[in-house]
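The primary structure of each chain is shown beneath.
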Amino acid sequence: NPITLSVVLTSLALGTIFTVSSSHWLLAWMGLEINTLAIIPIMTQHKHPRAIEASTKYFLTQAAASALLLFSSLNNAWLTGEWSIMDLTNPLSCATMTIAICMKLGLAPFHFWLPEVLQGISLTTGLILSTWQKLAPMAILYQITPMLNTPLLLTLGLMSTLVGGWGGLNQTQLRKIMAFSSIAHLGWMVSILPFSPQLMILNLTIYLIMTSTMFLTLKTISSTKISSLATSWSKTPTTTALSLLTLLSLGGLPPLSGFVPKWFILQELTNQNTTILATTLALSALLSLSFYLRSTYI
């Protein structure tokens, strides 16, 4: 129904806008809840067991993360008397808030739901889940950056890049490859967040553009597997070439645009005397690049 669809899409947009523009924890939580409830009907519009399973997994994970976020803000308000997002001063609240947002984003070790959910939904819904649904949690993370625990963020970021690299190696489904790509890119963003939030914004912007391009081209050529991507070359050579270039850009291969944020992030981490972390991130990027190259070669 077009009216129902317009209501759902408006709610999806308003939920993110509420969260991004709010300075009160309850308003931010309310925006995230509206966001979650609005995307469930979009995920279940195709009456298929996989879609129902994916939406159930997504709902349970997001509900648990929202409950943890509300608990964290309540705990902070109980101890400090402040509901402002910028006044998250209690260490326990900072840690639980970080975990709640990482669950919402799908960062390792809370990443298990993301590949399964993305595999069970359509490419259009996967596009929304991989791009628009990342904006609200990242906005909260950006605002509370000065109060967060830097070692915890770096550990989560490093785990995410490694999991994103290792997890995508044996995948043949393009949506699962995009899910592990999302986990790896989010790991890069979280790793640089304590040192340079502006670089995180740059990385997020380029990631959103590349992911949108990838999902839209996959939707155009109707490819969900690597094998179908291989046979699409004879039918739509230009679009297939664009998808392959986008895959390589996601992997961070120079001189493509995906290399720029990785280069800047490695440079900034080296300047902050975290050379071991920068080296491990660069090696994990090689893992990701290997399965992108395999997809391109096929």
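Every value quoted in this text rests on a predicted model; they were computed, and no experiment measured them. (Residues numbered from 1 in each chain as written. Predicted model: local features only at pLDDT ≥ 70, side-chain atom pairs only at ≥ 80, totals over all residues. Heavy atoms only, no water.)

### A short note on the overall build of the protein chain
Helix and strand counts for the protein chain come out as 14 helices and zero strands. Sequence-ordered secondary structure for the protein chain, helices as α and strands as β, is α-α-α-α-α-α-α-α-α-α-α-α-α-α. With respect to the principal axes defined by its C-alpha atoms, the protein chain has extents near 65 × 55 × 25 Å. Counting every position in the protein chain, which comprises 298 residues, the buried fraction comes to 53%. Within the protein chain, contacts between residues at least 6 apart in sequence are counted, and of these 73% link residues at least 24 apart. (Helix = DSSP H or I, 4+ residues; strand = E, 2+ residues; numbered from the N terminus. Buried < 20%, exposed > 50% of the residue type's maximum accessible area, 1.4 Å probe, protein only. Contact = heavy atoms within 4.5 Å.)

### Some details on the domain arrangement of the protein chain
The domain boundaries assigned to the protein chain delineate domain 1 (1–142) and domain 2 (149–297). One C-alpha centre belongs to domain 1, the other to domain 2; they are set 22 Å apart. Here domain 1 and domain 2 share an interface that buries about 2700 Å² over both sides, 80% of which is from carbon and sulfur atoms. On the surface where domain 1 and domain 2 come into contact, there are one salt bridge. (Domains from an automatic or database assignment. Buried area = accessible area lost by both parts, 1.4 Å probe. Salt bridge = Lys/Arg side-chain N within 4 Å of Asp/Glu carboxyl O.)

### A look at empty space enclosed by the protein
Once rolled over the atoms, a probe with the size of a water molecule shows which space is left empty. Tallying each qualifying case throughout the model produces two cavities of 30 Å³ or more. Volume-wise, the largest cavity comes out at about 110 Å³. As for the largest cavity, its lining consists of Leu32, Asn35, Thr36, Tyr58, Gln62, Lys104, Leu105, Trp113, Leu129, Gln133, Lys134 and Pro137. Residue assignment for the lining of the largest cavity shows that the elements contributing at least two residues are α2 (25–43), α3 (49–80), α4 (91–105) and α7 (132–143). Residue composition of the lining of the largest cavity, by class: six nonpolar, four polar and two charged. Considering only enclosed or pocket space, the second largest cavity measures out at about 50 Å³ in volume. Taken together, Ser181, Ala184, His185, Trp188, Leu250, Gly251, Lys262, Ala285, Ser288 and Tyr292 form the lining of the second largest cavity. Sorting the residues of the lining of the second largest cavity by element identifies α9 (174–192), α12 (237–251) and α14 (275–297) as the ones contributing at least two each. Looking at the lining of the second largest cavity element by element, the count peaks at four residues for α9. Along the lines of polarity and charge, the residues of the lining of the second largest cavity split into five nonpolar, four polar and one charged. (1 Å grid on protein atoms, 1.4 Å probe; cavity = no way out; pocket = protein on both sides within 12 Å on 5 of 7 lines; lining within 4 Å. Points joined across faces, edges and corners; volume = space filled by probe spheres on them. Nonpolar A, V, L, I, M, F, W, Y, C, P; charged D, E, K, R; others polar.)

### Here we look at the UniProt feature "transmembrane region" (unreviewed entry) in the protein chain
Those places that UniProt annotates as "transmembrane region" (unreviewed entry) correspond, in this numbering, to residues 56–75, 95–114, 151–170, 177–195, 201–218, 239–256 and 276–293. Along residues 151–170 the backbone is 85% helical and 0% strand, and the end-to-end C-alpha distance reaches 30 Å. (UniProt positions renumbered as here; feature names shortened; annotations may be inferred.)

### Let's talk about the pattern of salt bridges
Enumeration according to the criterion identifies two salt bridges in this entry. The salt bridge involving Lys57 is made with Glu53; its shortest N-O contact spans 3.0 Å. One end of the pair, Lys57, and the other, Glu53, are both in helix α3, four residues apart, so they sit about a helical turn from each other. A relative accessible area of 37% means that Glu53 is categorised as partly exposed. With a closest N to O distance of 3.4 Å, Glu116 and Lys176 form a salt bridge. Of this pair, Glu116 sits in helix α5 (residues 113–120) while Lys176 sits in helix α9; the two residues are 60 residues apart in sequence, bridging distant segments of the chain. Given a relative accessible area of 30%, Glu116 falls into the partly exposed group. Since its relative accessible area comes to 18%, Lys176 is described here as buried.

### Some points on the layout of surface pockets
Put simply, the largest pocket is a space of about 150 Å³. Trp188, Gly251, Gly252, Leu253, Pro254, Phe259, Lys262, Leu266, Ala282, Ala285, Leu286 and Leu289 together form the lining of the largest pocket. Of all the secondary-structure elements, those providing two or more residues to the lining of the largest pocket are α13 (259–271) and α14. If you tally residues by element for the lining of the largest pocket, the top one is α14, at four residues.

### Brief notes about the environment of Leu153
Along the chain, Leu153 turns up in helix α8 (residues 150–167). We classify Leu153 as buried; its relative accessible area is 1%. Placed 55 residues apart in sequence, Leu153 and Thr98 show a C-alpha to C-alpha distance of 7.9 Å. Apart from the residues within four sequence positions on either side, Leu153 is in contact with Thr98, Leu148, Val190, Leu193 and Pro194.

### So, the UniProt feature "domain: NADH:quinone oxidoreductase/Mrp antiporter transmembrane" (unreviewed entry) in the protein chain
In the UniProt entry, the feature "domain: NADH:quinone oxidoreductase/Mrp antiporter transmembrane" (unreviewed entry) is given for residues 22–286. Note that residues 22–286 is 76% helix and 0% strand, and that its end C-alpha atoms are spaced 39 Å apart.

### A look at the nonpolar core
Residues Trp25 and Ile144 are the most contacted members of the largest nonpolar core, which totals 76 residues. Taken domain by domain, the makeup of this core includes at least three residues from each of domain 1 (1–142) and domain 2 (149–297). Look past the residues within four positions of Ile144 in its chain and what remains in contact with it is Trp25, Ile85, Leu88, Met97 and Ile101. (Core = buried A, V, L, I, M, F, W, Y, C linked by side-chain atoms within 4.5 Å.)

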